[in-house]
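What follows is each chain in one-letter form.
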Amino acid sequence: MTAKDIASKIGIGIFVVAFLFLGLKGCVVTIWSSPKTPEIYSIQGQDGRVMSMIFLPKHETMIWHFDQANESAEGVLTKMRGSYGTHYFWRLWHVEGPGITFGYRIYPPDAEPVHMEITVLERFMSGRGNPGFPEKGDRTHQVLLFGKDVVKFQSMWLRRESNDPEMVQALLAKLGGSKEK
């Protein structure tokens, strides 16, 4: 066997291994699971507006927007189901789902993308603000980024807050949710 034959076989071997790695890695799907106890994430803008997400058991999530200037509060109770993207190397991920044509993306370090299907179960609105959330029954798809103690929702990084069971129950009551969460 000549050096050329050996180099050819090594080249073919590397190609086959790379093809199998990239091809088969995309076949593994990891489903996002909701937390066992409520997890609160929020961000407050300089203008006093607050956006909060409260992840609940059973794939439910409350999303709230409070605007002091307009004395308004808007919230939705959603059902969120999703799957993690496929991580290849460095910060390169592949995310699949409705609305995604070319799913290869580079995400920030220590962030995992989850393609979520979000269905609005209940809706609450009070005050003078304009509605910004979808209507009850609407279904949307978004990529959320989960990191250590942060979640990126739309273009905002929400930080994890300490759990406040009384606040969670009060907000759930406004949305007509169960007190057994």
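Preceding block: the structure.
Residues numbered from 1 in each chain as written. Predicted model: local features only at pLDDT ≥ 70, side-chain atom pairs only at ≥ 80, totals over all residues. Heavy atoms only, no water.

Visitor: Can you walk me through helix H2 (residues 165–174) in this structure?
Guide: Because each turn of an α-helix spans 3.6 residues, side chains separated by three or four positions in sequence point in the same direction. Taken as a whole, H2 has its buried residues at Val 168, Leu 171 and Leu 172. All buried residues of H2 fall inside an arc of 105° around its axis, so they share one side. Residues of H2 that are buried sit in contact with strand S1 (39–44), strand S2 (50–55), strand S3 (60–67) and strand S4 (72–84). In the stretch just after H2, Gly 176 is the one whose phi turns positive, near 80°. (Buried < 20%, exposed > 50% of the residue type's maximum accessible area, 1.4 Å probe, protein only. Helix = DSSP H or I, 4+ residues; strand = E, 2+ residues; numbered from the N terminus. Arc of directions from axis to C-beta. Contact = heavy atoms within 4.5 Å.)

Visitor: Just checking my understanding: could you explain the side chain of Thr 119 for this structure?
Guide: Along the chain, Thr 119 falls in strand S8 (residues 111–126). A relative accessible area of 13% means that Thr 119 is categorised as buried. In terms of polar contacts, Thr 119 uses its side chain to reach the side chain of Arg 139, at 3.2 Å. Residues contacting Thr 119, with those up to four places away along its chain left out, are Leu 77, Thr 78, Lys 79, Gly 137, Asp 138 and Arg 139. (Polar contact = N/O pair within 3.5 Å; in protein donor to acceptor, adjacent residues only side chain to side chain.)

Visitor: Explain the nonpolar core here, please?
Guide: Considering soluble globular proteins, one finds that nonpolar side chains tend to be buried as a cluster. With 18 residues, the main nonpolar core has Met 53, Phe 55, Ile 63, Met 80, Met 116, Leu 144 and Phe 146 as its most contacted residues. Those elements that provide at least two residues to this core are S2, S4, S8, strand S9 (139–147) and strand S10 (150–153). Looking at this core, the element that brings in the most residues is S8, giving four residues. Among residues more than four places away in sequence, those in contact with Met 80 are Trp 32, Met 53, Phe 55, His 59, Thr 61, Ile 63, Met 116, Glu 117, Ile 118 and Leu 144. (Core = buried A, V, L, I, M, F, W, Y, C linked by side-chain atoms within 4.5 Å.)

Visitor: Sorry, what's going on with the sheet that holds S10 here?
Guide: In sheet architecture, strand pairing relies on hydrogen bonds along the backbone and comes in two forms, parallel and antiparallel. Around the barrel, which closes on itself, the eight strands sit in the order S1-S2-S3-S4-S8-S9-S10-S11 with antiparallel pairing between neighbours. Each neighbouring strand pair of the sheet contributes to a mean axis angle of 30°, computed without reference to strand direction. Bridge count between S4 and S8: twelve bridges; the pairing is antiparallel. Each residue of the ladder has a partner; that of Tyr 84, found in S8, is Val 114. Along the sheet, H2 makes contact with S1, S2, S3, S4 and S8, crossing S3 at roughly 90°. (Pairing = 2+ DSSP bridges. Axes fitted to C-alpha atoms, helices over the stretch in contact; angles between N-to-C directions.)

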